[in-house]
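Chain residues, written in single-letter form:
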Amino acid sequence: MLLWLTLTLLWSPTCWAGALYGHGGGSYFSTTKDNENEIAGIRVFIGIAGIIKSIQVKFGSSWSEKYGAPGGTPQEFVLQPGEYITEVDGSYRLFLRHLVIYTSYGRKATFGEKSGRSFSAFPDGSEKVLTGVFGQHKLLGISSIGFEWDYPIVQLTYDQESTTPG
């Protein structure tokens, strides 16, 4: 029974174990799923040696906590209303070195400099968008990173005309 449960978790789409880019090791981090707000921005902190030290994600109007190592110079990319992150490319050596964020509006943001082994992360469905970031970090920076993809949040609006007596 335990083996079956373990295999089920490893093959599930929400499992982060198979979707990490980087050598890994250190402390685990993950953005908390926000069921009411989409990702509205990314803030990346770059260290002196070009290592990506940490990352923050903006959900709606609020920034998440800073995930990763302390320090670094922040670089920020804020999305426009209705814009989504549709792909993330990057590279790593011992630590994450480079991220390129692509959006549904055809914009892109580049953080760090390409160096080491490259990766490309995108959803398995054409309508899915970035909904979360997770990974591991050590004292010097982010040692691995992964991305959660899901469908955008549908905002239901109250239609007054349909309830107005006529």
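Coordinates for the structure precede this section.
Read on for a plain summary of the structure. Keep in mind the model is a prediction, meaning the values are calculated, not measured.

Reading the values: rules and limits
- Residues numbered from 1 in each chain as written.
- Predicted model: local features only at pLDDT ≥ 70, side-chain atom pairs only at ≥ 80, totals over all residues.
- Heavy atoms only, no water.
- Helix = DSSP H or I, 4+ residues; strand = E, 2+ residues; numbered from the N terminus.
- Contact = heavy atoms within 4.5 Å.
- Core = buried A, V, L, I, M, F, W, Y, C linked by side-chain atoms within 4.5 Å.
- Buried < 20%, exposed > 50% of the residue type's maximum accessible area, 1.4 Å probe, protein only.
- Phe/Tyr/Trp six-rings, centres within 6.5 Å; stacked < 30°, edge-to-face > 60°.
- Lys NZ or Arg CZ within 6 Å of the ring centre and 35° of its normal.
- Pairing = 2+ DSSP bridges.
- Axes fitted to C-alpha atoms, helices over the stretch in contact; angles between N-to-C directions.

Here's the deal with the environment of G146
So, step 1. Counting through the fold element by element, G146 comes out in strand β13 (residues 142-150).
So, step 2. Taking the C-alpha atoms as reference, G146 lies 6.2 Å from Y21; in sequence the two are 125 residues apart.
So, step 3. Ignoring sequence-local partners within four residues, the contact set of G146 consists of A19, L20, G132, V133 and F134.

Examining the environment of S54
So, step 1. With respect to the element layout, S54 can be found in strand β4 (residues 52-59).
So, step 2. For S54 and P70, which are 16 residues apart along the polypeptide, the C-alpha to C-alpha distance reads 7.2 Å.
So, step 3. Residues within four places of S54 in sequence aside, it is in contact with R43, V44, F45, K66, Y67, G68, A69, G71 and I142.

Remarks on the nonpolar core
So, step 1. Counting 28 residues, the largest nonpolar core has I55, L99, I145 and F147 as its most contacted members.
So, step 2. Elements with a contribution of two residues or more to this core: β3 (39-46), β4, β8 (85-92), β9 (96-103), β10 (108-112), β11 (117-121), β12 (129-137) and β13.
So, step 3. The residues contacting I145, other than those within four sequence positions of it, are A19, L20, Y21, I55, L96, L99, F119, V133, F134 and G135.

Observations regarding the packing of aromatic side chains
So, step 1. Counted under the stated rule, the structure contains six aromatic pairs.
So, step 2. Look at F29 and Y67: their rings are 5.5 Å apart centre to centre, the planes differ by 20°, and that puts the pair in the stacked class. On the criterion of sequence distance, the pair formed by F29 in strand β2 (residues 27-30) and Y67 in strand β6 (residues 67-68) is long-range, its members being 38 residues apart.
So, step 3. Directly above the ring of W63 sits R43, whose terminal nitrogen or CZ lies 3.9 Å from the centroid.
So, step 4. The ring of F45 carries K66 above its face, with NZ or CZ at 4.0 Å from the centroid.

Some thoughts on the sheet that holds β2
So, step 1. Taken together, four strands build an open sheet; the order of strands is β1-β13-β12-β2 and the sheet is antiparallel. A single partner strand is all that each edge strand has here, and the edge strands are β1 (21-22) and β2.
So, step 2. Note: β12 against β13, eight bridges, orientation antiparallel. Note on β13: the bridge partner recorded for Q136 is S144.

Observations regarding the sheet that holds β8
So, step 1. Read across the open sheet, the four strands follow the order β10-β9-β8-β11; overall the sheet is antiparallel. In this open sheet, the two edge strands, each paired with only one partner strand, are β10 and β11. Averaged over all pairs of adjacent strands, the angle between their axes in this sheet comes to 10°, without regard to strand direction.
So, step 2. Inspection of the sheet shows β8 paired to β11 by five bridges, in the antiparallel sense. When the sheet's bridge partners are listed, D89 is paired in β11 with S120.

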